[in-house]
Amino acid sequence: MGADHSSKIVGTVWGLLILNTLGSAGAQTIVPLPRSLIQMVTMGALVAAFTLALAVNLELRIRPSAYVSLLTLLLVTSVLSSANLGSGFGALFRCARLALFVGTLWLLSRWWDGGLAFVRHHIRMYFAVLGSVAAGLVVSPGAALPDLYGGRLVGDLWPLTPPQIGQYAAVIIGLTVLLVLGRRTDRTSAAVVIVPSVILLALTHTRTATLGVLLGLALAIGSLILTSAAARRFFAWAVLCAAVAAVAFSSALQAWFLRGQSQENFSNLTGRAKVWDALLAAPRTTWQQLFGMGMGDKSFGGLPIDNSWLAVYHEQGLIGIALVAAIIIVLGGVALLRPPSLPRACAIFLISYCAIASYTETGLGDASPYLLHLALAASLLAAPAAATPLSTPEAPLRRISQWTRKSEVS
């Protein structure tokens, strides 16, 4: 199989994984889509991703990966916690989904070499998703900014919630800014991605995503300051602009941040704290404390948990929390030990963003965009193959940018 053909298949597999993690619940769409149909599409995407990954890697050549190894242990924990069917047969279905997800990552690990190919796959696919959101906003502004969500932007062509859209926009903004600083794309091409993404992020009023991209970029750019003059200039201008904006637009920024909520509602994190307290106070057996209640829909008492750590504790127990913490610690530790480089900076951004978002979002214990972000970080931190390169040449971007025309610099 030719290298170019393999590269296209690998990119397609990554896109299918992203499609699978878009979920099946969200805002009402312009054309009503049955949830069963959406689930069929997302699960079909995962099955297709695994099948294509297996077809392009029939030799089952994989690379050692601490990240995917820990995910495999998390899968085993999930199966043990779900085997008694305390959460119903849906728990076993979610375990099967996680197994296909982890298996696909093992097959793709063959192409993890510290390069930026998967970064570009990531940006392309999420930019396409945001394109569907923008199209829905143009076609039906009322449906895209519904009163049900307080006028926040939702996906009305494909059901996407404001936090989802905010997350996707924040991640590709951060990655694209870093590519510009690393001179891996020109400013015009980057603006095509960044400007609309910033607008969509603002329309979602998603505080977690906004803080995540700002703090994540600060840490990532900070890792480049000693070796990159462009990073130093950008950091200085960013601090200056932030200071001016904080003074000139303080009232507007405060209003955007509060989203019309009272101080009391804001202080208990829009009701999240009440759910968290109830979850922690619920009685559990020793087994349930260690292994959890089984894979569920990340809710407690019919309300969303909205915290990755508590969701993992509820479904996979203290052992699940230990494994997720190990994932963050291992990836962060490896990133700190790597010499300064653009791939390292991108990995630091992704790890930081996921760690910050884990406080008010779920996803670290199940197949989700957050696990894909961390998988991308793992691919960026992988050492290049010593002998015959396992990575394939990057497929050229056509309209969005000219990133692949530039040579990679580690």
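Residues numbered from 1 in each chain as written. Predicted model: local features only at pLDDT ≥ 70, side-chain atom pairs only at ≥ 80, totals over all residues. Heavy atoms only, no water.

It is worth spelling out the overall build of the chain at this point. Of regular secondary structure, the chain possesses 17 helices and four strands. Within the chain, the fraction of its 410 residues that count as buried is 50%. Residue pairs at least 24 apart in sequence account for 77% of intrachain contacts in the chain once pairs closer than 6 positions are excluded. Carbon and sulfur atoms form 68% of the exposed surface of the chain, whose accessible area is close to 18200 Å². (Helix = DSSP H or I, 4+ residues; strand = E, 2+ residues; numbered from the N terminus. Buried < 20%, exposed > 50% of the residue type's maximum accessible area, 1.4 Å probe, protein only. Contact = heavy atoms within 4.5 Å. Areas by Shrake-Rupley, 256 points an atom, 1.4 Å probe, with all protein chains shown as cover.)

Moving on: the packing of aromatic side chains. Aromatic rings considered in pairs are described by the distance between their centres and by the relative angle of their planes. Per the stated rule, a full pass over the model turns up five aromatic pairs. Between Trp-276 and Tyr-359 the ring centres are 5.4 Å apart and the planes differ by 70 degrees, which places this aromatic pair in the edge-to-face class. One end of the pair, Trp-276, is in helix H13 (residues 272-281); the other, Tyr-359, is in the loop between helix H16 (342-357) and helix H17 (369-381), and 83 residues separate them in sequence. A residue is classified by how much of its surface remains accessible, and Trp-276, at 8% relative accessible area, is buried. Judged by relative accessible area, which is 48%, Tyr-359 ranks as partly exposed. (Phe/Tyr/Trp six-rings, centres within 6.5 Å; stacked < 30°, edge-to-face > 60°.)

A separate point is unusual backbone geometry. Of note, the phi angle at Leu-60 is positive, near 55 degrees, even though the residue is not glycine. Relative to the assigned elements, Leu-60 resides in the loop between helix H2 (35-56) and helix H3 (66-82). Under the relative-accessibility criterion, Leu-60 is labelled exposed at 52%. Phi at Asp-306 is positive, roughly 55 degrees, even though this residue is not glycine. Summarising the element assignment, Asp-306 is placed in the loop between strand S4 (303-304) and helix H15 (308-337).

On to the nonpolar core. By size, the foremost hydrophobic cluster in this structure holds 102 residues, and its most contacted members are Trp-14, Tyr-67 and Leu-105. A per-element tally of this core places helix H7 (residues 162-181) first, with 12 residues. Filtering out sequence-adjacent residues up to four positions away, Trp-14 remains in contact with Leu-105, Leu-108, Phe-118, His-121, His-122, Leu-372, Ala-375 and Leu-376. Formed by six residues, the second largest nonpolar core is a distinct cluster that contains Trp-276, Leu-279, Leu-310 and Ala-311. (Core = buried A, V, L, I, M, F, W, Y, C linked by side-chain atoms within 4.5 Å.)

Time to look at empty space enclosed by the protein. Considering all chains together, one arrives at one cavity of 30 Å³ or more under this definition. Here the largest cavity defines a volume of roughly 30 Å³. Looking at the lining of the largest cavity, the elements that each hand over two or more residues are H7 and helix H9 (207-222). The residue inventory of the lining of the largest cavity, partitioned by class, reads four nonpolar, three polar and one charged. (1 Å grid on protein atoms, 1.4 Å probe; cavity = no way out; pocket = protein on both sides within 12 Å on 5 of 7 lines; lining within 4 Å. Points joined across faces, edges and corners; volume = space filled by probe spheres on them. Nonpolar A, V, L, I, M, F, W, Y, C, P; charged D, E, K, R; others polar.)

The residue Ser-341 is located in the loop between H15 and H16 in this model. The class for Ser-341 is buried, based on a relative accessible area of 15%. Polar contacts involving the side chain of Ser-341 include one to the main-chain amide nitrogen of Arg-344, which spans 3.3 Å. (Polar contact = N/O pair within 3.5 Å; in protein donor to acceptor, adjacent residues only side chain to side chain.)

Our next topic: the confidence of the model for the chain. Residues with a pLDDT of 70 or more make up 87% of the chain, whose mean pLDDT is 87. Ranking the helices and strands of the chain by mean pLDDT puts H17 first, with 97, and helix H12 (residues 263-267) last, with 56. Low confidence marks residues 387-410, where pLDDT is under 50. Its contacts with residues over four positions away, or in another chain, come to 59 contacts. (pLDDT = per-residue confidence, 0-100.)

Below, the discussion takes up the packing of H16 against H17. Contact pair H16 / H17: the axes reach a minimum separation of 8 Å and the direction vectors enclose 155 degrees. Comparing the axis directions of H16 and H17 gives the class roughly antiparallel. Classified by chirality, the crossing of H17 by H16 is left-handed. Where H16 approaches H17, its residues Pro-343, Cys-346, Ala-347, Leu-350, Ile-351, Tyr-353, Cys-354 and Ala-357 are matched on the opposing element by Tyr-370, His-373, Leu-374, Leu-376, Ala-377, Leu-380 and Leu-381. For the contact of H16 with H17, a count of residues per class yields 14 nonpolar, one polar and no charged. (Axes fitted to C-alpha atoms, helices over the stretch in contact; angles between N-to-C directions. Parallel < 35°, antiparallel > 145°, perpendicular 65-115°, else oblique. Left-handed = near helix turned anticlockwise from the far one by under 90°.)

By volume, the second largest pocket is sized at about 1000 Å³. Around the second largest pocket, the lining comprises 25 residues; the ones closest to its centre are Thr-210, Val-213, Leu-214, Ala-238 and Ala-242. Taken together, the elements giving at least two residues each to the lining of the second largest pocket come down to H7, helix H8 (187-204), H9, helix H10 (229-248) and helix H11 (250-258). With eight residues, the single largest contributor to the lining of the second largest pocket is H10.

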